[in-house]
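Notes for the structure review
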Amino acid sequence: MTGYTSAGGTVTAEEEHTDARQVREMALCPGPPEERQKMAFGIIRRILVQFHGEWTALRERESDDAWLDAAHALLDRYAHQLHDVVCDVQVIVGDDIVIDIRCLSADMITTTNILVMIGCSEECCRRGDALAKEALRHAERCLSLR
C-alpha cells in the first residue's frame, strides 16, 4: 500500500482512514464505552424513526407524479445516512446491528435504483412500506440494546 511520510513516519491510506474514523467515533460519541454505545444506538434509532415518519408522511401525500421523485430522494438520503453512521460507530455498537442496518440501507438503494428508475410506483410504495416497518423494528432493537 502506498503512503506518505509525515512527522511521525510513513502513513498508509488505510491507516489514515482508520485514524479519521476513530476521530469521528470519538467526536460522535465521547465518554466511557457504555455511554458511547448508548449514544450511538440512540443516534441510529433516531435516524430509523425519522425515516419511518418521513416515509409515512410521504405515503399520505401520494397523489401525483412528483411522489416517485420524492420517494427516490427520501430513500437515497436515508440509505446513505444510515450507512455512513453505522460505519462510523461500528466498533462501538458491534457487527450484528451494523450488518442489519447495512442490509436495510442496501435494500433502500435497491428500491431506489431499480423500482424508482423504471417507474414502478406501486412496487416502490410496497417496498418502501416494508422498509419503513423494518426501520421501526430495528429502532426497537436499538432501544433494547441501549
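The paragraphs below set out a description of the structure included in this document.

The rules behind each value
- Residues numbered from 1 in each chain as written.
- Predicted model: local features only at pLDDT ≥ 70, side-chain atom pairs only at ≥ 80, totals over all residues.
- Heavy atoms only, no water.
- Disulfide = S-S within 2.5 Å.
- Buried < 20%, exposed > 50% of the residue type's maximum accessible area, 1.4 Å probe, protein only.
- Salt bridge = Lys/Arg side-chain N within 4 Å of Asp/Glu carboxyl O.
- Helix = DSSP H or I, 4+ residues; strand = E, 2+ residues; numbered from the N terminus.
- Core = buried A, V, L, I, M, F, W, Y, C linked by side-chain atoms within 4.5 Å.
- Contact = heavy atoms within 4.5 Å.
- Axes fitted to C-alpha atoms, helices over the stretch in contact; angles between N-to-C directions.
- Parallel < 35°, antiparallel > 145°, perpendicular 65-115°, else oblique.
- Left-handed = near helix turned anticlockwise from the far one by under 90°.
- Nonpolar A, V, L, I, M, F, W, Y, C, P; charged D, E, K, R; others polar.

**A few points about the state of the cysteines**
Applying the stated criterion across every chain, the model contains 0 disulfides. Among the cysteines around Cys124, which has no disulfide bond, Cys125 carries the closest sulfur, lying 6.1 Å off. With a relative accessible area of 0%, Cys124 lands in the buried category.

**Side note on the pattern of salt bridges**
A side chain of one charge can pair with a side chain of the opposite charge if their charged atoms are brought near each other. Inspection of the entire model under this criterion finds 8 salt bridges. One salt bridge in this structure joins Arg45 and Glu140, with 3.7 Å as the shortest N-O distance. Of the two residues, Arg45 sits in helix α2 (residues 33-60) while Glu140 sits in helix α5 (residues 121-145), which places them 95 residues apart along the sequence. Here Arg45 falls in the partly exposed class, since its relative accessible area comes to 22%. Among the salt bridges present, the one from Arg141 reaches Asp100, with a minimum N-O distance of 2.2 Å. Of this pair, Arg141 sits in helix α5 while Asp100 sits in helix α4 (residues 95-116), and the two are 41 residues apart along the sequence. A relative accessible area of 24% places Arg141 in the partly exposed class. The structure contains a network of salt bridges with shared partners spanning Glu122, Glu123 and Arg126.

**Things to note about the nonpolar core**
Counting residues in each nonpolar core, the largest one holds 36 residues, and the members touching the most others are Ile44, Leu48, Phe51, Trp55, Val93, Met108 and Cys124. Among the secondary structure elements, those contributing two or more residues to this core are α2, α3 (66-93), α4 and α5. With residues near it in sequence (within four places) discarded, Trp55 still touches Trp67, Ala71, Leu74, Leu75, Cys124, Cys125, Gly128, Asp129 and Ala132.

**Let's talk about the packing of α3 against α4**
It is at 8 Å that the axes of α3 and α4 come closest, and there the two elements cross at 160 degrees. In terms of their interaxial angle, α3 and α4 are classed as roughly antiparallel. Like other packed secondary-structure pairs, α3 and α4 cross with a definite hand, here left-handed. Residue classes in the contact of α3 with α4 are distributed as 15 nonpolar, 7 polar and 3 charged.

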